[in-house]
Amino acid sequence: MKIKKFKICIVGTGYVGLVSGTCFAEIGHNVICVDNNKEKIKMLQMGSSPIYEPGLEKMILKNKRAGKLSFTTDIAQAVKKSDIVFIAVHTPTKENGETNLQYVENVSKEVAKAMDKYKVIVSKSTMPVKTGQRIKEIIAKFCPRNITFDIVSNPEFLKEGTAIKDFLEPDRIVIGIENKKAEAIMRNLYEPIKAPIIFTDIESAEIIKHACNAFLATKISFINAIANICEKNNANVQEVAMAMGLDKRIGPDFLKAGIGFGGSCFPKDVSAFINVAKKSGYDFNLLKEVKKINKKQREIFLDKIIKNVPDIKGKSIAIWGLSFKPDTDDMREAPSVDIINGLIAKGAIIKSFDPVAIEKAKVIFKDKIIYCEGAKEALKDCDALIILTEWEHFKKIKLEEIKKLMKFPIIFDGRNIFSPQKMIKAGFNYYSIGRKT
Ligand code: UDX
Ligand code: UDX
């Protein structure tokens, strides 16, 4: 019998869990989102999203009103009401690069104890290879004896800022399964989404996710290394990347040079994958270098600022952009944190602006920096402007206005949002990444 509508429960209502849950409701399923954070659930029950993600709040409200999406802290009840249980709690990396699976393991135990009939248990979070087997052992150990279940690995590839589109119109869906029964259920679940589904064994699905993030991070570090060479030879990294990208074997995406990758995934997953490789008896030196280049890229940028702003102590520095990328308020592993801390250590006075990340930035920087209401306010009488996130809003501000507000027209653009020729013509001292200044 072909079941079209499923009762789903998503445990972990973070970026991945909340977007996935909301989108599953949007395509017709009945979804209960669970989280142990009471405040988060309260906010969601009232219809507001705890994270900034374009279009998400509207979609939550719509599906909540239609009765297809609800929120609770009661994991046992949610599991009992569901056919499919997704695990989407965070999987942070420990100091030594190992993944901390304590949240996944705890949730697996709670899910197992609440099971009252056959269910499919799906891991959605990024997990090191063989975590699926660990989940299977835990469920088998703690669920009632007569209950059967299947485990599935269904990694999520969404990007913050375009998460809804990425979920509803993915390049492909990857599903690791152990038998035809689980395959049929997962195929039906995703039927409304028109994308190729790749069925693999569970271990391959787990490795696919780590391999993708590691490869994309490698592309970024590669182009940042090229940017450093361009800079030393008066070449232009954007032209180099554009021409490289036209080779279909290389492709144009993820070749934007800048101040390196941040966010909750790339830094963590690169470290985790190095660790997975080590445990498997392989020394993944390539990825270690990717990590090093990424760290170095922030240092090179900071040095450039310190070298070109004389006597930086006591100088007023405007910062545009705090989040790790545009269209999100996520500050996790944001390059802005290292760069701003480096400037504070040199005695600079920081006046920051970000369209949505100020509240989350306050948790990190507290009263060490000044928070401005607008991009122009941050510029007033500043000795230099530093661009750390490429928000569209910044690109639209008139150059004459920027120049008029600043005490000295020096700009350090960590994301290459302006053209060097235009900036020089407009009378700025303009420094960017991998381009002539
Ligand atoms: C996380 C991981 O970072 C990523 O690798 C993985 O692919 C998916 O999960 P994200 O959704 O951004 O991504 O994490 P986060 O925003 O931290 O959300 C996790 C949620 O799980 C939090 O809301 C937290 O309160 C909740 N949680 C955690 C539980 O409900 N129960 C727990 O036991 C632990
Ligand atoms: C990433 C993956 O793209 C996604 O598939 C996975 O599910 C989660 O991790 P996300 O972290 O949301 O998504 O953002 P992404 O757009 O990939 O950017 C990550 C970081 O790389 C950002 O700091 C961004 O500024 C940087 N980046 C990206 C570059 O520096 N250059 C590029 O060309 C692309």
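Right, let's walk through the structure included here.

### What to know about the overall build of the protein
Piece 1. A count of helical and extended segments in the protein gives 18 helices and 14 strands.
Piece 2. In terms of C-alpha radius of gyration, the protein reaches 24 Å, essentially the compact-globule figure of 22 Å for 437 residues.
Piece 3. Overall size of the protein, expressed as C-alpha extent along the three principal axes, is 75 × 50 × 35 Å.
Piece 4. In the protein, buried positions account for 54% of the 437 residues.
Piece 5. Long-range contacts, defined here as pairs at least 24 residues apart, represent 72% of the contacts in the protein between residues at least 6 apart.
Piece 6. With an accessible surface of roughly 20600 Å², the protein has 55% of that area assigned to carbon and sulfur atoms.

### As for the side chain of Ser 153
Piece 1. As for its placement among the helices and strands, Ser 153 is situated in strand β6 (residues 149-153).
Piece 2. Beyond its immediate stretch of four places on either side in the chain, Ser 153 contacts Ser 123, Val 174, Ile 175, Gly 176, Ile 202, Ala 205 and Glu 206.

### Some points on the sheet that holds strand β14 (residues 429-431)
Whether parallel or antiparallel, the strands of a sheet pair through hydrogen bonds between backbone atoms.
Piece 1. In spatial order, the strands read β11-β10-β9-β12-β13-β14; together these six strands make up an open sheet with parallel pairing. Because the sheet does not close on itself, it has two edges, and the strands there are β11 (370-371) and β14.
Piece 2. With three bridges connecting them, strand β13 (residues 410-413) and β14 associate as parallel partners. If you follow Ile 410 over to β14, its bridge partner there is Asn 429.
Piece 3. Sheet contacts for helix α12 (residues 285-308): β12 (384-387), β13 and β14; angle to β13, the most-contacted strand, approximately 170 degrees.

### Points about the packing of helix α1 (residues 15-26) against helix α3 (residues 56-65)
Piece 1. Viewed as axis vectors pointing N to C, α1 and α3 meet at an angle of 50 degrees, and their least axial separation amounts to 10 Å. On the basis of their axis angle, the class for α1 and α3 is oblique. Viewed along their axes, α1 and α3 form a crossing whose handedness is left-handed. Of the residues in α3, those in contact with Leu 18, Val 19, Thr 22, Cys 23, Ala 25 and Glu 26 of α1 are Leu 56, Met 59, Ile 60, Lys 62 and Asn 63.
Piece 2. Taken together, the residues that form the contact of α1 with α3 break down as seven nonpolar, two polar and two charged.

### Remarks on the site of ligand 1
Piece 1. If you check the shell around ligand 1, you find 19 residues, and the closest are Asp 35, Lys 40, Thr 126, Lys 268 and Arg 332.
Piece 2. Take Asp 35: an N or O atom from its side chain is 2.5 Å from an oxygen atom of ligand 1.
Piece 3. A distance of 2.5 Å separates an oxygen atom of ligand 1 from a polar side-chain atom of Lys 268.
Piece 4. When ligand 1 sits alone it has 690 Å² of accessible area, and the protein chains cover 90% of it.
Piece 5. Elements supplying a minimum of two residues to the shell around ligand 1: α1 and α5 (102-114).
Piece 6. Its residues placed into classes, the shell around ligand 1 shows six nonpolar, nine polar and four charged.

### What about the pairing of β13?
Piece 1. The two faces of β13 match: Ile 410 and Phe 412 on one face and Ile 411 and Asp 413 on the other face are all buried.
Piece 2. Note that β12 and β13 share three bridges and pair parallel. Within the sheet, the bridge partner assigned to Leu 385 lies in β13 and is Ile 411.
Piece 3. Assessed by its sense of winding, the connection that carries the chain from β13 through helix α18 (residues 420-425) to β14 is right-handed.

### Considerations on the pairing of β12
In the case of a regular strand, side chains alternate between the two sheet surfaces.
Piece 1. Both faces of β12 are covered, namely the face carrying Ala 384 and Ile 386 and the face carrying Leu 385 and Ile 387.
Piece 2. Two strands pair when backbone bridges link them, and strand β9 (residues 316-320) and β12 are joined in this way by four bridges, in the parallel orientation. If you follow Ile 317 over to β12, its bridge partner there is Ala 384.

Cut-offs used in this document
Just so you know, the residues in each chain are numbered from 1, in the order the chain's sequence is written. Here the convention is simple: chains get letters from A, ligands get numbers from 1, in the order in which they are written. Local features in this predicted model are restricted to residues whose pLDDT is 70 or higher, and side-chain atom pairs enter the listing and the counts only when it is 80 or higher, whereas totals over whole chains, interfaces and linings include all residues. Values shown for side chains rest on all heavy atoms present in the structure; no hydrogens or waters enter the calculation. Secondary structure elements are defined from DSSP: runs of H or I of at least 4 residues count as helices, runs of E of at least 2 residues count as strands, and each element is numbered from the N terminus. Only the C-alpha atoms count toward the radius of gyration. The rule for a globule is 2.2 Å times the residue count to the power 0.38. When a residue's accessible area, from a 1.4 Å probe over protein chains only, is under 20% of the maximum for its type it is buried; when over 50% it is exposed; and in between it is partly exposed. Two residues qualify as a contact provided that any one of their heavy atoms is within 4.5 Å of a heavy atom in the partner residue. The protein chains shown are the only cover counted for residues, whose accessible areas, like all others here, come from Shrake-Rupley with a 1.4 Å probe. Whether two strands pair comes down to DSSP finding at least two bridges between them. Only the stretch in contact is used when fitting a helix axis, every axis being a line fitted to C-alpha atoms; angles between N-to-C directions are given from 0 to 180 degrees. Roughly parallel covers angles under 35 degrees, roughly antiparallel covers those over 145, roughly perpendicular covers 65 to 115, and oblique covers all other angles. With the far helix as reference, a near helix turned anticlockwise by less than a right angle produces a left-handed crossing, and one turned clockwise produces a right-handed crossing. Note on residue classes: Ala, Val, Leu, Ile, Met, Phe, Trp, Tyr, Cys and Pro are nonpolar, Asp, Glu, Lys and Arg are charged, and everything else, Gly too, is polar. Nearness is judged by heavy atoms alone; a residue qualifies as near a molecule or strand once a single heavy atom is within 4 Å of it. The term polar contact refers here to a pair of N or O atoms within 3.5 Å; inside protein, the definition further demands a hydrogen-donor-capable atom paired with an acceptor-capable atom, and it admits residues adjacent in sequence only when both atoms are side-chain atoms. Handedness is read with the strands pointing away from the viewer; a crossover is right-handed when the path from the first strand over the helix to the second is clockwise.

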